[in-house]
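Read off the chains here:
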Number of protein chains: 2
Amino acid sequence: MRDWNQQARDRDARLARAAGLGRGKIVEAGQARALLERVLEPGDRVCLEGNNQKQADFLARTLASLDPKQVHGLHLVQSVLALPEHLDVFDRGVASRLDFSFSGPQSARLASLVSAGRISIGAIHTYLELFGRYFVDLTPRVSLVAAQSADAAGNLYTGPNTEDTPVIVEATAFKRGIVIAQVNELVDAVPRVDIPGGWVDFVIPSPSPHYIEPLFTRDPAQISEIQVLMAMMAIRGIYAEYEVNRLNHGIGFDTAAIELLLPTYAESLGLKGKICRHWALNPHPALIPAIEAGFVESVHSFGSELGMEDYIRARSDIFFTGPDGSLRSNRAYSQAAGHYACDLFIGSTLQIDLEGNSSTATRGRIAGFGGAPNMGADARGRRHASPTWLKAGREASTSAMPRGRKLVVQMVETFREHMHPAFVEKLDAWELAESAGMALPPVMIYADDVSHILTEEGIANLLLCRSQEEREQAIRGVAGYTPVGLARDKRAVENLRDRGVIRRPEDLGIDKRQASRDLLAAKSIKDLVRASGGLYAPPKRFRNW
Amino acid sequence: MRDWNQQARDRDARLARAAGLGRGKIVEAGQARALLERVLEPGDRVCLEGNNQKQADFLARTLASLDPKQVHGLHLVQSVLALPEHLDVFDRGVASRLDFSFSGPQSARLASLVSAGRISIGAIHTYLELFGRYFVDLTPRVSLVAAQSADAAGNLYTGPNTEDTPVIVEATAFKRGIVIAQVNELVDAVPRVDIPGGWVDFVIPSPSPHYIEPLFTRDPAQISEIQVLMAMMAIRGIYAEYEVNRLNHGIGFDTAAIELLLPTYAESLGLKGKICRHWALNPHPALIPAIEAGFVESVHSFGSELGMEDYIRARSDIFFTGPDGSLRSNRAYSQAAGHYACDLFIGSTLQIDLEGNSSTATRGRIAGFGGAPNMGADARGRRHASPTWLKAGREASTSAMPRGRKLVVQMVETFREHMHPAFVEKLDAWELAESAGMALPPVMIYADDVSHILTEEGIANLLLCRSQEEREQAIRGVAGYTPVGLARDKRAVENLRDRGVIRRPEDLGIDKRQASRDLLAAKSIKDLVRASGGLYAPPKRFRNW
């Protein structure tokens, strides 16, 4: 007779080993190591909560400190590797296999650990894709998560950075896995229940509050006049043109410039109430002036942003908040909204090739893509119409069956820092794939998903291109003085411009001399604080006054 | 000064009007009408929980009973309209606008109410798309949901049919909306918390348990030998060929036949452990023999299925269950898994055109598509590789950049009931779009997302077609004796067969004479009960012994 309840029995055995370590579900920090040693088994699939912002850092350090003779060969499934501890776990031999989405600051060390054979990568995912696999073939046996507070029953309050916690805990708890949470404090009653106590096995009060990274704060002081020009082009040539009302912005100064031009340039064009009303977006400080000017109706967030707490509380009509006024974010749901309920994604990249494939992969770094592939992909399962989506679909149409499509805009200066050209004949991703043994080159956004490429030279509307040759010339035609741009067929490019496939600032009625930093609704972090009525409290590193 | 907390104030005003109607959160059924009258305002956006299975039927009846002079112009945002009450709400003038996903049995009446101007349809969505909009531009002001039980604090236990409840409640509760739940019983302590009480405003013990539809039960007695033949072709020509291990099956007898052939035909081909290991699927009774035979490692579910409760409890290694052994389903997460973590979707349709577009839309019915567009679409944001996905991508490749892709199989007999041909020159969807004023014809799966069309005549692999002409002949080549099939270019079709684009049963090594009902691992509902060791308890209507 087959035992059909092995997981439940296995769970009971692990819990029995951990019995007596704490009072009820509460385990003191000093016992955290003992708890992990008793609960974990070699080869376990473990989800260590790493987000864009919130990090289960104490549990990460504890995991890295385990004796690899006892606990080894773990398979980590975690969306973001942001902290050195996340890689220490592999370096010390506690874990050996990794499925993830984004590694940002750890990308170089990740590549070197892969080279050294310390890490075997399953795959790089977009967030929602990794979450989907938590319910199919990458279900965690043990999850280590982070929250703001807990009560004695194990009810968790995540604070504004709910992020991945609900999806991780649901996948683990309902497949008889074990959920361990580090919390900043134990309280009698949590301000709201983000995760029901019945889904949580152990709560550890952490010796220090969990780490949070203010990843979406961009200082307006660093926005250049070229970025102002590009933002004007985005607003006039894309947002106004397609009446874009539901959108996501990537991280970075290019899109921060757009946010800061809404109450000035876009307002002067009479666009208030006509564009940018609904967002799937973290609470970007750079969006404050647009919110105050009445551009924004709603923002649903993947995570929160440090310093925005009081502002969010005071603007509850805009954000999703709990009864205590703090943000309720949710990466899984906001990614679903970004994929299916937004008409435009706009972001930056490091390299674009002649077909229009783009990637942030570079030699010696395995960075991953986070949410960009999900939001920067045409949602082919989408069935509801909007004017934006229908117009883009009409432009792209090559089939007898009419269909809408998403706008996916790549916004790049032709040269990035250190004068590296953003346009290349061949992506570095090919070389990385070969050196790291990947099945395919790691492309962030595939050519056929990109609708527009926007540089300081102009906008190339790839939807209107009818052949690979046309696409190539449209791309070369906005690639400026890069080798790719210089190799353009001038006549073909002029022809594309006549057809409106390529549009220069002057074709859009933009006077380049107007593109000044004076157009920014805030020119510094201090201006953002002022625009918020003193409600925005930027982290210290962004305060220079 | 703008009021930035209008929603919170509006919520408080509604709650104040309802004060005193109940004890704490508990309101008796007799007061349900009064509660809705006090809480609702004309024009409100309301989510009435309608799922594939679980229905907030008491709240639907109560809503339909309101005085339209007082409450009118509601905008309903609900995934499924399954009950007459769902349309009575419109017929009586309480609601006037509708955004939805699926209307199944109400599709004809829905069309007639649209014609009569009683309903204005916003759009038809796929489920995850509608859920995404709950967080962007269709956030409910009031949600009416259904659960199995609640405690005095409002904690909800959904039972196995969790379905849409978590996503509805999260979108509403955290945007200062009002959540009202009908429950089958009040208890001192719920078996598990599916929805935290803090997210719920009112609980109404319903006079009768909420309705549940056993939508995924297919009686093996009704499976024909043609369906057995087609299932053999699916297993040999697609599942084995591509090593499909992560998949979703649509509803219907065609795919039930595949499920019932796993322990017999697939086992005889040595495929156990090599195909069909992980599923995003409701607990189909037809899957019982495959589970018992050891084919299946895991099943994550959108909803549950009546009668499967004890079987699920006894097979907890396979399903996602709570501590009480009952299923925890979740439509939003399972749809994300179906989109991003599955390599194959296979389902049926009513009509397929010469490009390969398919639709279930027919004259006089507005049915919607449920989850099919989401799971039957290439997940362009996907970045992780699998052998299945890479092989399909290689076959489809027309670009210099290699890429994987999903298998999307349309499985149809060439003639459906009443001898309507499944293959047509032009979809009825065009006519429906015109008569109902839709922006686009309602296509379930677009041509470029379909990878294979499987009929009793053979399999057409559209991935291998390199032109529209080839696609058309490949489709005609499996369209049998329909007018579309008879109009084939015989030479072109033979050429496609030589190239393996079209494969007949004999090309797959299938002896048609073997295609007998004897191959089915269960030939009746009673056989399924027996296979389950008596654990499956089919609803009365499926018991004929």
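What you see is a predicted model, and the numbers here were worked out from it, not measured in a lab.

Q: Can you help me understand the interface of chain B and chain A in this one?
A: Interfaces are often described in size by the accessible area the parts lose on coming together. If you look at the interface, chain B gives 94 residues, while chain A gives 95 residues. If you sort the residues of chain B by the area they bury against chain A, B:Trp4, B:Tyr333 and B:Arg383 come out on top, with a joint share of 12%. Across the contact surface, chain B and chain A share 12 salt bridges. In this structure, the salt-bridge partner of B:Arg380 is A:Asp449, at a minimum N-O distance of 3.0 Å. Counting across the interface, chain B meets chain A through 52 residue pairs in polar contact (both at pLDDT 80 or more). The biggest single contributor to the side of chain B that touches chain A is helix 12 (residues 331–340) of chain B, with 6 residues. Across the side of chain B that touches chain A, the residue classes tally to 45 nonpolar, 24 polar and 25 charged.

Q: It is not clear to me how the sheet that holds strand 22 (residues 502–503) of chain B should be interpreted in this structure. Could you clarify?
A: Hydrogen bonds along the backbone pair up the strands of a sheet, which may run parallel or antiparallel. All names here are of chain B. The sheet built from 8 strands is open, its strands ordered 13-12-11-14-17-20-21-22 with mixed pairing. Sheet topology places strand 13 (298–300) and strand 22 at the edges, where each strand pairs with a single neighbour. Examined bridge by bridge, strand 20 (residues 452–455) and strand 21 (residues 458–461) share 4 bridges and lie antiparallel to one another. Looking across to strand 21, one finds that Thr-455 is bridged to Gly-458. Strands strand 11 (246–249), strand 12 (278–280), strand 14 (344–347) and strand 17 (407–411) of the sheet are contacted by helix 9 (residues 253–268), whose axis makes an angle of about 135 degrees with strand 11.

Q: Could you clarify how one ought to interpret the environment of B:Leu306 in this entry?
A: All names here are of chain B. Tracing the backbone through its elements, the reader meets Leu-306 in the loop between strand 13 and helix 11 (309–314). Separated by 231 residues in sequence, Leu-306 and Ala-537 have C-alpha atoms that sit 8.0 Å apart. The contacts of Leu-306, once residues within four sequence positions are left out, are Ile-212, Pro-214, Tyr-536 and Pro-539.

Q: Looking at this model, I keep getting lost on empty space enclosed by the protein. Mind explaining?
A: A probe matching the size of a water molecule, rolled over the atoms, marks out where space remains unfilled. Enumeration over the complete set of coordinates arrives at 9 cavities of 30 Å³ or more. Lining of the largest cavity is provided by 18 residues; of these, A:Glu170, A:Trp199, A:Arg328, B:Glu170 and B:Trp199 occupy positions nearest its centre. Secondary-structure elements contributing two or more residues to the lining of the largest cavity are helix 7 (165–173) of chain A together with helix 7 (165–173) of chain B. Partitioning the lining of the largest cavity into residue classes produces 10 nonpolar, 2 polar and 6 charged.

Q: Quick question: what am I supposed to make of the pairing of strand 9 (residues 202–205) of chain A here?
A: Successive side chains on a regular strand alternate, one facing one side of the sheet and the next facing the other. Residue and element names in this part refer to chain A. Of the two faces of strand 9, both are covered, the one formed by Phe-202 and Ile-204 as well as the one formed by Val-203 and Pro-205. Direction of pairing for strand 8 (residues 178–186) relative to strand 9: parallel, over a ladder of 4 bridges. Looking at strand 9, one finds that Val-183 is bridged to Pro-205.

Q: What should I look at first to understand the relation of the copies chain B and chain A in this one?
A: Expressed as a screw transformation, the operator carrying chain B onto chain A has a rotation angle of 180 degrees and an axial translation of 0.0 Å, and the superposed copies differ by an RMSD of 0.0 Å. On the angle and the small slide along the axis, the relation comes out as a two-fold axis. Within chain B, B:Pro196 has its C-alpha nearest the rotation axis, a separation of 3.1 Å. A shared binding surface is used by both copies, with 100% of the interface residues of chain B retained as interface residues in chain A.

Q: It is not clear to me how the packing of aromatic side chains should be interpreted in this structure. Could you clarify?
A: On inspection of all chains with the given rule, the structure shows 9 aromatic pairs over all chains. Look at A:Phe131 and A:Tyr134: their rings are 6.0 Å apart centre to centre, the planes differ by 45 degrees, and that puts the pair in the tilted class. With A:Phe131 and A:Tyr134 both in helix 6 (residues 127–134) and 3 residues apart, the pair spans about one turn of that helix. For A:Tyr134, a relative accessible area of 0% corresponds to the buried category. Ring geometry for A:Tyr333 against B:Tyr333: centres 5.8 Å apart, planes inclined by 20 degrees, an arrangement best described as stacked. Remark: B:Tyr333 occurs in helix 12 and A:Tyr333 occurs in helix 12 (residues 331–340); the pair is interchain, linking two chains. According to the relative accessible area criterion, B:Tyr333 is buried, its value standing at 5%.

Q: Mind showing me how you'd approach helix 6 (residues 127–134) of chain B here?
A: Taken across its 8 residues, helix 6 of chain B has 8 buried, putting it largely inside the fold. For helix 6 of chain B, every residue scored as buried is listed here: B:Tyr127, B:Leu128, B:Glu129, B:Leu130, B:Phe131, B:Gly132, B:Arg133 and B:Tyr134.

Q: Would you explain the domain arrangement of chain A in this entry?
A: All names here are of chain A. Segmentation of chain A into domains returns domain 1 (22–212) and domain 2 (220–519). For domain 1 versus domain 2, the distance between C-alpha centres works out to 32 Å. Taken residue by residue, the interface counts 33 residues in domain 1 and 31 residues in domain 2. Together domain 1 and domain 2 conceal approximately 2400 Å² of surface at their shared face, both sides included; 57% is due to carbon and sulfur atoms. Among the residues of domain 1 in contact with domain 2, Leu-128, Pro-160 and Arg-192 are the three that bury the most area, contributing 22% of the side total.

Q: For this particular structure, what's the right way to read the pattern of salt bridges?
A: Between side chains of opposite charge, pairing is possible as soon as their charged atoms come close. All names here are of chain A. This structure, assessed with the given rule, holds 92 salt bridges over all chains. Here Arg-17 ties to Glu-41 by a salt bridge, and the two come within 3.1 Å at their closest N and O atoms. With Arg-17 in helix 1 (residues 6–18) and Glu-41 in the loop between helix 2 (32–39) and strand 1 (45–48), this residue pair connects regions lying 24 residues apart in the sequence. The class for Arg-17 is partly exposed, based on a relative accessible area of 36%. Judged by its relative accessible area of 24%, Glu-41 falls in the partly exposed class. Taken together, the shared-partner salt bridges in this structure form one network comprising Asp-10, Arg-14, Arg-17, Glu-41, Asp-44 and Arg-141.

Q: Help me out: how do you make sense of the nonpolar core in this one?
A: The nonpolar side chains of a soluble globular protein tend to be buried, and buried together. A:Tyr134, A:Phe135, A:Leu156, B:Tyr134, B:Phe135 and B:Leu156 are the most contacted members of the largest nonpolar core, which totals 76 residues. For A:Phe135, the contacting residues outside a window of four places in its chain are A:Val167, A:Glu170, A:Ala171, B:His300, B:Phe320, B:Tyr333 and B:Ala337. Counting 64 residues, the second largest nonpolar core, distinct from the first, contains B:Leu262, B:Cys276, B:Leu281 and B:Phe319.

Q: Help me understand the packing of helix 3 (residues 57–64) of chain B against helix 4 (residues 84–91) of chain B, please; the structure alone is not making it clear to me.
A: Packed helices, taken two at a time, are described by their axes: the angle between them and the distance between them. Residue and element names in this part refer to chain B. Contact geometry for helix 3 and helix 4: axes closest at 8 Å, N-to-C directions at 20 degrees. Considering the angle they form, helix 3 stands roughly parallel to helix 4. Viewed along their axes, helix 3 and helix 4 form a crossing whose handedness is left-handed. Contact residues: Asp-57, Ala-60, Arg-61, Leu-63 and Ala-64 in helix 3; Glu-85, His-86, Asp-88 and Val-89 in helix 4. Looking at the contact of helix 3 with helix 4 residue by residue, the classes come out as 4 nonpolar, 1 polar and 4 charged.

Q: Can you help me understand the sheet that holds strand 22 (residues 502–503) of chain A in this one?
A: Residues and elements named next belong to chain A. Taken together, the 8 strands give an open sheet; going across it, the order is 13-12-11-14-17-20-21-22, and neighbouring strands pair in mixed fashion. Only two strands of the sheet have a single neighbouring strand rather than two, namely strand 13 (298–300) and strand 22. Both strand 21 (residues 458–461) and strand 22 contribute to a ladder of 2 bridges, which runs antiparallel. Each residue of the ladder has a partner; that of Ile-459, found in strand 22, is Arg-503.

Q: Whenever I open this one, the environment of A:Gly371 confuses me. Can you help?
A: Residue and element names in this part refer to chain A. In this fold, Gly-371 is placed in the loop between strand 16 (358–359) and helix 13 (372–375). For Gly-371, a relative accessible area of 9% puts it in the buried group. The sequence separation of Gly-371 and His-339 amounts to 32 residues, and the corresponding C-alpha distance is 9.5 Å. When sequence neighbours within four positions are dropped, the list of residues in contact with Gly-371 reads Thr-126, Tyr-127 and Gln-335.

Criteria and thresholds
Residues numbered from 1 in each chain as written. Chains lettered and ligands numbered in written order. Predicted model: local features only at pLDDT ≥ 70, side-chain atom pairs only at ≥ 80, totals over all residues. Heavy atoms only, no water. Contact = heavy atoms within 4.5 Å. Buried area = accessible area lost by both parts, 1.4 Å probe. Salt bridge = Lys/Arg side-chain N within 4 Å of Asp/Glu carboxyl O. Polar contact = N/O pair within 3.5 Å; in protein donor to acceptor, adjacent residues only side chain to side chain. Helix = DSSP H or I, 4+ residues; strand = E, 2+ residues; numbered from the N terminus. Nonpolar A, V, L, I, M, F, W, Y, C, P; charged D, E, K, R; others polar. Pairing = 2+ DSSP bridges. Axes fitted to C-alpha atoms, helices over the stretch in contact; angles between N-to-C directions. 1 Å grid on protein atoms, 1.4 Å probe; cavity = no way out; pocket = protein on both sides within 12 Å on 5 of 7 lines; lining within 4 Å. Points joined across faces, edges and corners; volume = space filled by probe spheres on them. Buried < 20%, exposed > 50% of the residue type's maximum accessible area, 1.4 Å probe, protein only. Least-squares fit on C-alpha atoms with pLDDT ≥ 70 in both. Phe/Tyr/Trp six-rings, centres within 6.5 Å; stacked < 30°, edge-to-face > 60°. Domains from an automatic or database assignment. Core = buried A, V, L, I, M, F, W, Y, C linked by side-chain atoms within 4.5 Å. Parallel < 35°, antiparallel > 145°, perpendicular 65-115°, else oblique. Left-handed = near helix turned anticlockwise from the far one by under 90°.

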